[in-house]
Amino acid sequence: QVQLVESGGGLVQPGGSLRLSCAASGSIFSIAAMGWYRQAPGKQRELVATITSSGSTNYADSVKGRFTISRDNAKNTVYLQMNSLKPEDTAVYYCYADRVRQPRTISYNVWGQGTQVTVSS
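The notes below deal with the structure included here. Remember, it's a predicted structure, so these values are computed and weren't measured experimentally.

Details of the state of the cysteines
Logical step 1: Throughout the structure, instances matching the rule amount to 1 disulfide.
Logical step 2: Residue Cys22 pairs covalently with Cys95 via a disulfide, S to S 2.0 Å. With the S-S dihedral at roughly -85°, the linkage between Cys22 and Cys95 falls on the left-handed side. One end of the pair, Cys22, is in strand E3 (residues 18-25); the other, Cys95, is in strand E9 (residues 91-101), and 73 residues separate them in sequence.
Logical step 3: Judged by its relative accessible area of 0%, Cys95 falls in the buried class.

Written as structure tokens, this is what we have:
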């Protein structure tokens with residue numbers, strides 16, 4: 001079974017930077033898409049950024065120019081570099097993987113447990 005393990009969250013001051021990592025574990029041939037979503041208190045979960053296995057990216061308008069998503073296909077790992085952080089970026093950030101090809105199955109819509117990012121002075 002595929003598991004996603006996130007790391008890198010924490011407390012940072014406005015204008016600061018953080019880098020999130022998410023590694024997929026298990027016997028994996030390929031992952032079609034990986035990404036990050038976030039959920040702030042009292043709000044719905046929203047897309048932050050996604051990246052395909054070929055490197056095509058998509059960003060929410062609110063993070064364009066500040067966040068950069070990347071992945072290492074050999075390590076089945078996705079990263080989110082977050083710069084110029086704002087208080088409104090405070091949320092639990094969830095890693096996401098879709099169409100995970102394994103020896104005898106394909107897993108869809110796999111989620112990590114989430115990592116807290118707090119932007120505050």
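Overview of the layout of surface pockets
One water molecule sets the probe size; rolling that probe over the atoms shows where empty space is left.
Logical step 1: In this structure, the largest pocket spans a volume of roughly 180 Å³.
Logical step 2: Looking at the largest pocket, it is lined by 13 residues, and the ones nearest its centre are Arg38, Lys43, Glu46, Glu88 and Asp89.
Logical step 3: Taken together, the residues of the lining of the largest pocket break down into 2 nonpolar, 4 polar and 7 charged.

Observations concerning the sheet that holds strand E7 (residues 67-72)
Logical step 1: If you trace the 4 strands from one edge of the open sheet to the other, you get E1-E3-E8-E7, paired in antiparallel fashion. Here the strands that pair on one side only, and so sit at the sheet edges, are strand E1 (3-7) and E7. The sheet shows a mean angle of 15° between the axes of neighbouring strands, taken without regard to direction.
Logical step 2: Taken together, the 6 bridges between E7 and strand E8 (residues 77-82) define a ladder with antiparallel strand orientation. Across the sheet, the residue bridging to Ile69 is Leu80, located in E8.

Details of the side chain of Gln102
Logical step 1: The topology assignment puts Gln102 in the loop between E9 and strand E10 (106-107).
Logical step 2: Separated by 3.1 Å, the side chains of Gln102 and Ser107 make a polar contact.
Logical step 3: With near-sequence residues (within four places) excluded, Gln102 lies in contact with Gln1, Val2, Ser27, Phe29 and Ser107.

What to know about the pattern of salt bridges
Logical step 1: All chains considered together, the criterion is met by 5 salt bridges.
Logical step 2: One salt bridge in this structure joins Glu46 and Arg38, with 2.7 Å as the shortest N-O distance.
Logical step 3: The partly exposed category is assigned to Glu46, whose relative accessible area is 36%.
Logical step 4: With relative accessibility at 6%, the residue Arg38 sits in the buried group.

Considerations on the nonpolar core
Logical step 1: Core analysis: the largest hydrophobic core is formed by 32 residues, its most contacted members being Trp36, Leu80, Met82 and Tyr93.
Logical step 2: Listing elements by their share of this core, those giving two or more residues are E3, strand E4 (30-39), strand E5 (46-52), E7, E8, E9 and strand E12 (115-119).
Logical step 3: Per element, the largest residue contribution to this core is 5 residues, and it comes from E9.

Criteria and cut-off values
- Residues numbered from 1 in each chain as written.
- Predicted model: local features only at pLDDT ≥ 70, side-chain atom pairs only at ≥ 80, totals over all residues.
- Heavy atoms only, no water.
- Disulfide = S-S within 2.5 Å.
- Helix = DSSP H or I, 4+ residues; strand = E, 2+ residues; numbered from the N terminus.
- Buried < 20%, exposed > 50% of the residue type's maximum accessible area, 1.4 Å probe, protein only.
- 1 Å grid on protein atoms, 1.4 Å probe; cavity = no way out; pocket = protein on both sides within 12 Å on 5 of 7 lines; lining within 4 Å.
- Points joined across faces, edges and corners; volume = space filled by probe spheres on them.
- Nonpolar A, V, L, I, M, F, W, Y, C, P; charged D, E, K, R; others polar.
- Pairing = 2+ DSSP bridges.
- Axes fitted to C-alpha atoms, helices over the stretch in contact; angles between N-to-C directions.
- Polar contact = N/O pair within 3.5 Å; in protein donor to acceptor, adjacent residues only side chain to side chain.
- Contact = heavy atoms within 4.5 Å.
- Salt bridge = Lys/Arg side-chain N within 4 Å of Asp/Glu carboxyl O.
- Core = buried A, V, L, I, M, F, W, Y, C linked by side-chain atoms within 4.5 Å.

These values are about where atoms sit, not about what they do.
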